[in-house]
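These are the residues of each chain, in order.
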Amino acid sequence: MENIIAPAVVGVLLCVMGVLNLCGNLSTLHKYHYKRVSAEDKRPFCNLVGGGTVLIGVGMLLFSLLAFFAERTENLILTTVGAGFLIAAAVVGIVLSFYAMIKYNHGIF
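Here we summarise the structure given alongside this text. (Residues numbered from 1 in each chain as written. Predicted model: local features only at pLDDT ≥ 70, side-chain atom pairs only at ≥ 80, totals over all residues. Heavy atoms only, no water.)

### Section: the overall build of the protein
Link 1 in the chain: Regarding its fold elements, the protein presents 4 helices and 0 strands.
Link 2 in the chain: When the helices and strands of the protein are listed from N to C terminus, the series reads α-α-α-α.
Link 3 in the chain: Based on the C-alpha atoms only, the size of the protein along its principal axes is roughly 50 × 20 × 20 Å.
Link 4 in the chain: Burial status across the protein gives 34% buried among its 109 residues.
Link 5 in the chain: Taking all contacts inside the protein whose residues are at least 6 apart in sequence as the whole, residues at least 24 apart take part in 68%.
Link 6 in the chain: In the structure as shown, the protein presents an accessible area of about 6500 Å², 74% of it carried by carbon and sulfur atoms.
Link 7 in the chain: The distance from the centre of the 7 positive side-chain charges to the centre of the 5 negative ones in the protein is 18 Å. (Helix = DSSP H or I, 4+ residues; strand = E, 2+ residues; numbered from the N terminus. Buried < 20%, exposed > 50% of the residue type's maximum accessible area, 1.4 Å probe, protein only. Contact = heavy atoms within 4.5 Å. Areas by Shrake-Rupley, 256 points an atom, 1.4 Å probe, with all protein chains shown as cover. Lys, Arg positive; Asp, Glu negative; His and termini not counted. Charge placed at Lys NZ, Arg CZ, Asp CG, Glu CD.)

### Looking at the nonpolar core
Link 1 in the chain: If you look at the biggest cluster of nonpolar residues, it comprises 10 residues: Leu26, Leu29, Val37, Phe45, Cys46, Leu48, Val49, Ala100, Met101 and Tyr104.
Link 2 in the chain: In terms of residue count, helix H3 (residues 42-73) provides more of this core than any other element does, 4 residues in total.
Link 3 in the chain: Apart from residues no more than four positions distant in its own chain, Met101 is found in contact with His33, Phe45, His106, Gly107 and Ile108. (Core = buried A, V, L, I, M, F, W, Y, C linked by side-chain atoms within 4.5 Å.)

### As for the layout of surface pockets
Link 1 in the chain: A volume near 170 Å³ is recorded for the largest pocket.
Link 2 in the chain: Lining the largest pocket, in full, are Met17, Asn21, Thr28, Leu29, Val49, Thr53, Ile56, Gly93, Ile94, Ser97, Phe98 and Met101.
Link 3 in the chain: Those elements that place two or more of their residues in the lining of the largest pocket are helix H1 (2-22), H3 and helix H4 (77-105).
Link 4 in the chain: Top element by residues in the lining of the largest pocket is H4. It accounts for 5 residues.
Link 5 in the chain: Classifying every residue of the lining of the largest pocket by side-chain character gives 7 nonpolar, 5 polar and no charged. (1 Å grid on protein atoms, 1.4 Å probe; cavity = no way out; pocket = protein on both sides within 12 Å on 5 of 7 lines; lining within 4 Å. Points joined across faces, edges and corners; volume = space filled by probe spheres on them. Nonpolar A, V, L, I, M, F, W, Y, C, P; charged D, E, K, R; others polar.)

### Examining the packing of H3 against H4
Link 1 in the chain: Look at H3 against H4: their axes get within 8 Å of each other, and the N-to-C directions meet at 170 degrees. Between H3 and H4, the crossing angle belongs to the class labelled roughly antiparallel.
Link 2 in the chain: Here the contact of H3 with H4 is built from residues that sort into 27 nonpolar, 9 polar and no charged. (Axes fitted to C-alpha atoms, helices over the stretch in contact; angles between N-to-C directions. Parallel < 35°, antiparallel > 145°, perpendicular 65-115°, else oblique.)

### Re the environment of Tyr99
Link 1 in the chain: One can find Tyr99 in helix H4.
Link 2 in the chain: Classification of Tyr99 as partly exposed rests on a relative accessible area of 44%.
Link 3 in the chain: Placed 20 residues apart in sequence, Tyr99 and Thr79 show a C-alpha to C-alpha distance of 30 Å.

### A look at a nonpolar patch on the surface
Link 1 in the chain: Taken together, the side chains of Leu62, Leu65, Phe69, Ile77, Val81 and Phe85 define a hydrophobic patch exposed on the protein surface, amounting to about 510 Å² of accessible area.
Link 2 in the chain: Every element with two or more residues in the nonpolar patch is listed here: H3 and H4.
Link 3 in the chain: Among the secondary structure elements, Phe85 is positioned in helix H4. (Patch = residues over 30% accessible without salt bridge, like charges linked within 9 Å, V, L, I, M, F, W, Y side chains within 5 Å. Salt bridge = Lys/Arg side-chain N within 4 Å of Asp/Glu carboxyl O.)

### A closer look at H1
Link 1 in the chain: Given a rise of 1.5 Å per residue, 21 residues ought to cover 30 Å, and the 30 Å separating the end C-alpha atoms of H1 matches this to within 8%.
Link 2 in the chain: Those residues of H1 lying buried are Ile4, Pro7, Gly11, Cys15, Gly18 and Asn21. Viewed end-on, H1 has its buried residues packed into an arc of 120 degrees, placing them on one side of the element. In H1, the exposed residues that point more than 90 degrees away from the buried face are Glu2 and Leu13.
Link 3 in the chain: Among the residues trailing H1, Gly24 stands out with phi positive, at a value near 100 degrees. (Expected span 1.5 Å × (residues − 1). Arc of directions from axis to C-beta.)

Structural data, given as structure tokens:
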């Protein structure tokens, strides 16, 4: 059961952080981003990074939900499908975040 609860908690936290970013709050990111993102680029930067973070969080929640049903029904294919969704969501979310950092910060660091 703990292998279901931990990803769900992390997923919820990532979703909350992503929504904060979507609202224009950069406080969940490194201070470097405060300085490097111009005022007119702040909104699109927050949208991309927040969207990527929410996507990863939703992937973790979906994985946790499918793992829960897999444990209850003893159908392990659900866990495999959930892992596939999690990997896809993580890759797309990370690519979105890095794209925003490269475009609006002119580099990752």
